[in-house]
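Analysis of the macromolecular model
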Amino acid sequence: MVAKRPNTRKKSDFKSKKSNQKPAQNRTQQPKRSFPEKKVEIIDKTVYYKNNLTVLELSEQLHRPVSEVIKKLMFMRIMASQTQSVDRDTAEIITLDYGFEFKDEVMTDMSRYDELDIKDDPKDLVERPAVVTIMGHVDHGKTTLLDTIRHTRVVQSEAGGITQHIGAYQVLRNDKAITFIDTPGHAAFTEMRARGAKVTDIVVLVVAADDGVMPQTKEAIDHARASKCAIIVAVNKMDKPGANPDRVKQELADLGLLPDDWGGETPFCYISALKNTGVDELLDTIQLVAEMLELQANPKRSAIGTVIEAKLDKGRGPVATILIANGTLKIGDAFVAGNVYGKIRAMNDDLGRNIHKAKPGAAVEINGLSDVPMAGDPFMVFEDERQTKDIAQQRSDRQFNQDHNSKKTVTLEEFFKRAEGSVKELRLIIKADTQGSIEAFKGSIEKINIEGTSIDIVRTGVGAITDTDVTLAEASGAIIIGFDVQAPANVRDTATSKGVEIRDYRVIYEALDDIEAAMKGMLEPELQKIVIGEATVRETFPISKVGTVAGCMVTSGVIRRDASVKLIRNGKVVFEGKLASLKRFKDDVKEVKQGYDCGIMIENYNDVKIDDVIEASVMKEIEQNG
Ligand code: GDP
C-alpha cells in the first residue's frame with residue numbers, strides 16, 4: 001500500500017529555507033533574453049544613427065511627433081517627408097538640439113540571436129507553466145509515470161483530444177498548466193544541455209522504492225544540479241512488497257538531497273506510477289516549487305524557444321516541436337531554428353488540435369520549416385521575414401567551419417601517439433552494407449598481429465551510420481569504419497562536433513592497410529578525405545550527347561567543383577567519382593552552398609535518380625597533434 005499522506009506542504013514551507021538546489025536565484029527576473037537594448041531603453045535619451053535613417057525613425061527615437069521634426073528640418077532649410085532619410089550630420093544636429101545623445105548604431109549580429117539578452121518590461125510579465133523533465137535510473141518507472149500523468153490528467157474531454165507524441169505535453173492541475181518533456185532518460189536532456197539549451201525548470205527524480213539509488217540516479221542528480229534545476233524526488237513503486245522508502249531517503253540524503261520530511265529542503269513524494277497513487281500530490285508539489293521559482297514570461301512579444309524534437313514527416317515535410325520559453329507564437333510568424341528558417345504554416349498541440357497561437361511554456365509542433373533542425377536548437381521569431389534565410393545560412397556556415405576546424409580526439413592517425421599503458425587498444429565500430437562484409441572484415445582484422453597493440457571491436461552492424469554509433473564511439477573512444485554505407489550529414493556533424501572519426505572505405509583491404517599502418521605507427525597522415533557537403537537530387541534532365549544533369553538542392557555544407565563525389569542511393573554508395581560540371585542556372589560555378597539549387601553532372605555516370613544523395617569531399621591535410 002502506498003502511504004497516503006495528505007499534501008500538507010505550503011509554499012511557505014519551502015520559502016523560508018535556503019534551498020540546496022538554489023532554484024529561486026537567477027530566475028526571478030525571467031526571462032534572460034530580450035530585444036536589442038535600444039528598443040526598450042527609451043529613457044536613456046540616445047539616438048542611434050544607421051544608414052538611411054528616415055525622418056520618421058528619427059522622430060520615433062526622439063519621442064517627438066514626426067511633424068515637429070519635419071518643421072525643425074524646414075528651419076534648417078531641409079525639405080524632407082517622413083519617409084525620406086536624413087544624413088548623419090543633420091540627424092546629429094537635431095538630436096543634440098533635443099538634448100539627446102547621438103551614437104552610431106552598433107549592428108547586432110542577429111545570427112547570434114540565441115546570445116541576445118533581452119529585457120522585458122516588468123509590467124508585461126505573467127506567470128508561465130513550469131517545464132518538468134522526469135529522470136532516474138532505467139526501469140524505475142519514468143515512462144510509466146509520464147504515461148499515468150498524461151492519460152489521467154490531460155484534458156481529454158476537449159474536441160479531438162487524442163494525445164499525440166510531440167515530445168512534450170501539458171496537464172492542468174488546479175487550473176494551472178505544467179509542461180512535461182516527454183522523453184524520459186538522460187540522453188535528450190544531456191544532448192540539449194550540451195548544445196547550450198536549458199529548457200527544464202524542475203527535474204522529477206524517480207527512484208524505485210524497492211531498488212534505491214542506482215548509477216543513473218546519481219547521474220541524473222549531477223545533470224540536474226549542473227543545469228541548476230530544482231529537484232523533486234518521487235519515490236516510486238511504493239505498492240511493491242519490497243518497498244523501502246527509508247533506505248531511499250537515507251541514500252539520497254547521503255548524496256545531499258535531504259528529504260523535506262526529515263527537515264531537509266528537497267521535496268519527496270511517495271508514489272506508485274503504476275497504480276496512480278500519490279501522483280496528484282506530486283503535481284501539487286511541482287506547482288508549489290514552480291510558484292517559488294516565480295517563473296514568468298511576456299506573452300506580448302514574439303516567441304523565442306527551443307527545438308525539443310524534430311523529424312522529417314513523409315506527408316508534411318520537416319516538423320519540429322518548439323518549447324516556447326517566452327513570447328507568443330502565431331501562425332504566419334517567420335523564424336529561425338538553429339540553421340533552419342521558415343514561416344509557421346500550421347501548429348498543433350499535444351492533443352493534435354490545430355491552434356493559431358501558443359503561449360509561453362507551451363510545446364507546439366510546427367510545420368513550415370526549410371529543413372529539419374536539431375533538438376536543442378534555439379528558436380526565434382523575426383519580424384523581418386527576409387532576414388531569416390540569411391541568418392540561418394550564416395549560422396550554418398559558422399557551424400560548418402567550427403565543426404571542420406575542431407580538433408579530433410579519436411582518430412586513426414592519433415592512435416599510435418596516444419600512449420595508454422603498454423598495450424594500445426584500437427577500438428572499432430564497424431558498419432557495412434551486408435553482414436558478409438562485416439564477417440570478412442572481422443576475419444581479416446583478427447589476423448593483424450602487431451606486438452603491443454590489440455583491436456577491440458565494440459559494435460558491428462548492417463546499415464547506415466547513426467547517432468547511436470557516434471555516441472557509442474565517443475563514449476568508448478572508438479573509430480567508426482564504414483564500408484559502402486552512408487553517414488547522413490547530421491550524423492557526420494555530430495561526429496565532428498564530438499571529435500569522433502568516421503572513415504569510409506569501399507574495399508576491405510584499404511581499411512586493413514590503414515589499420516595495420518596505424519597500429520605500426522606508420523600511417524601516412526598527411527591527407528584525408530573530408531566531407532564538405534551534401535546535395536539531394538530533386539530532378540533529372542537527360543540531355544542528348546551530354547548526359548544526365550541532376551537538378552539538386554545543397555542540403556548541407558557546400559558542393560565544390562573540384563570535389564570528389566559519392567552517389568548514395570537508399571543509404572548505399574552506388575558510384576564514386578568526380579564532378580563533370582557544377583552550375584547555378586546556366587553559369588559554371590566554383591561552389592554552391594547549403595540551401596541553394598544547382599545542376600550537377602557526374603563524370604562517367606548518367607544513371608542519377610531522384611532522391612539520390614551526392615556527397616562531396618576534398619582531400620585535406622590533417623594537422624598532427626601529439
Ligand atoms: P523507465 O525505464 O524508468 O521508463 O521504467 P518503466 O516506466 O518502463 O517501468 C519499468 C517497469 O516497472 C515496468 O514493468 C513498469 O510496469 C514497472 N513499474 C513502473 N512503476 C511502477 C509502480 O509504481 N509499481 C510497480 N509495481 N511497478 C511499476
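Every value quoted in this text rests on a predicted model; they were computed, and no experiment measured them. (Residues numbered from 1 in each chain as written. Predicted model: local features only at pLDDT ≥ 70, side-chain atom pairs only at ≥ 80, totals over all residues. Heavy atoms only, no water.)

1. Some thoughts on the overall build of the protein chain
What the protein chain contains, in helices and strands, is 16 helices and 31 strands. Contacts spanning at least 24 positions in sequence make up 73% of the contacts within the protein chain whose residues lie at least 6 apart. Of the accessible surface of the protein chain, which amounts to about 29900 Å², a share of 50% is contributed by carbon and sulfur atoms. (Helix = DSSP H or I, 4+ residues; strand = E, 2+ residues; numbered from the N terminus. Contact = heavy atoms within 4.5 Å. Areas by Shrake-Rupley, 256 points an atom, 1.4 Å probe, with all protein chains shown as cover.)

2. Comments concerning a nonpolar patch on the surface
Residues Phe541, Ile543 and Val546 make up a contiguous nonpolar surface patch of roughly 260 Å² in combined accessible area. Structurally, Val546 can be placed in the loop between strand E24 (527-543) and strand E25 (547-560). (Patch = residues over 30% accessible without salt bridge, like charges linked within 9 Å, V, L, I, M, F, W, Y side chains within 5 Å. Salt bridge = Lys/Arg side-chain N within 4 Å of Asp/Glu carboxyl O.)

3. Notes on the site of the ligand
Taken together, 15 residues surround the ligand, and among them Asp139, Lys142, Thr143, Thr144 and Asp239 come closest. Taking Asp139, its main chain carries an N or O atom lying 2.7 Å from an oxygen atom of the ligand. In the model, an oxygen atom of the ligand is placed 3.3 Å from a nitrogen or oxygen of the His140 main chain. In isolation the ligand offers 580 Å² of accessible surface; the protein chains occlude 75% of this area. Of the residues assigned to the shell around the ligand, the class counts are three nonpolar, seven polar and five charged. (Near = heavy atom within 4 Å. Polar contact = N/O pair within 3.5 Å; in protein donor to acceptor, adjacent residues only side chain to side chain. Nonpolar A, V, L, I, M, F, W, Y, C, P; charged D, E, K, R; others polar.)

4. As for the environment of Arg560
Its place among the elements puts Arg560 in strand E25. For the pair Arg560 and Gly533, spaced 27 residues apart in the sequence, the C-alpha separation amounts to 8.5 Å. Excluding anything up to four places from it in sequence, Arg560 contacts Ile532, Leu579, Leu582, Lys590, Glu591 and Val618.

5. Observations regarding the packing of helix H14 (residues 467-476) against helix H15 (residues 489-498)
In the contact formed by H14 and H15, the axes pass within 9 Å of each other and the chain directions differ by 15 degrees. Judged by the angle between their axes, H14 and H15 are roughly parallel. The element H14 and its partner H15 pack so that their crossing is right-handed. The segment H14 lies against H15, with Asp467, Val470, Thr471 and Glu474 engaging Asn490, Val491, Thr494, Ala495 and Lys498. (Axes fitted to C-alpha atoms, helices over the stretch in contact; angles between N-to-C directions. Parallel < 35°, antiparallel > 145°, perpendicular 65-115°, else oblique. Left-handed = near helix turned anticlockwise from the far one by under 90°.)

6. So, the packing of aromatic side chains
Taken as a whole and assessed by the stated rule, the structure comprises six aromatic pairs. Pairing Phe441 with Phe483 gives two aromatic rings, centres 4.8 Å apart and planes at 65 degrees, and the pair type is edge-to-face. On the criterion of sequence distance, the pair formed by Phe441 in helix H13 (residues 435-447) and Phe483 in strand E22 (residues 479-483) is long-range, its members being 42 residues apart. Classification of Phe441 by relative accessible area gives buried; the value is 0%. Judged by relative accessible area, which is 3%, Phe483 ranks as buried. Members of the aromatic cluster, each reached through a chain of ring pairs, are Phe441, Phe483 and Tyr505. The residue whose ring lies beneath Lys72 is Tyr98, and the NZ or CZ to ring-centre distance is 5.1 Å. The cationic tip of Lys389 hangs over the ring face of Tyr596; the distance from NZ or CZ to the ring centre is 5.2 Å. (Phe/Tyr/Trp six-rings, centres within 6.5 Å; stacked < 30°, edge-to-face > 60°. Buried < 20%, exposed > 50% of the residue type's maximum accessible area, 1.4 Å probe, protein only. Lys NZ or Arg CZ within 6 Å of the ring centre and 35° of its normal.)

7. Topic: helix H9 (residues 245-254)
Owing to its 3.6 residues per turn, the α-helix brings residues three or four apart onto one side. Turning to H9, its buried residues number three or more, namely Val248, Lys249, Leu252 and Ala253. What you see down the axis of H9 is that its buried residues fit within an arc of 130 degrees, all on one side. Each element contacted by the buried residues of H9 is listed here: strand E7 (202-208), helix H8 (215-226), strand E8 (230-236) and strand E9 (268-270). Immediately downstream of H9, the backbone of Gly256 shows phi near 95 degrees, a positive value. (Arc of directions from axis to C-beta.)

8. Remarks on unusual backbone geometry
One non-glycine residue with positive phi stands out, namely His63, at about 55 degrees. Unusually for a residue other than glycine, Asp611 sits at a positive phi of about 80 degrees. Relative to the helices and strands, Asp611 is located in the loop between strand E30 (597-602) and strand E31 (613-621).

9. Details of the confidence of the model for the protein chain
Looking at the protein chain as a whole, the pLDDT averages 82, with 82% of positions reaching at least 70. Confidence drops under a pLDDT of 50 for residues 11-42, and excluding neighbours within four residues, the segment shows 79 contacts in the predicted structure. (pLDDT = per-residue confidence, 0-100.)

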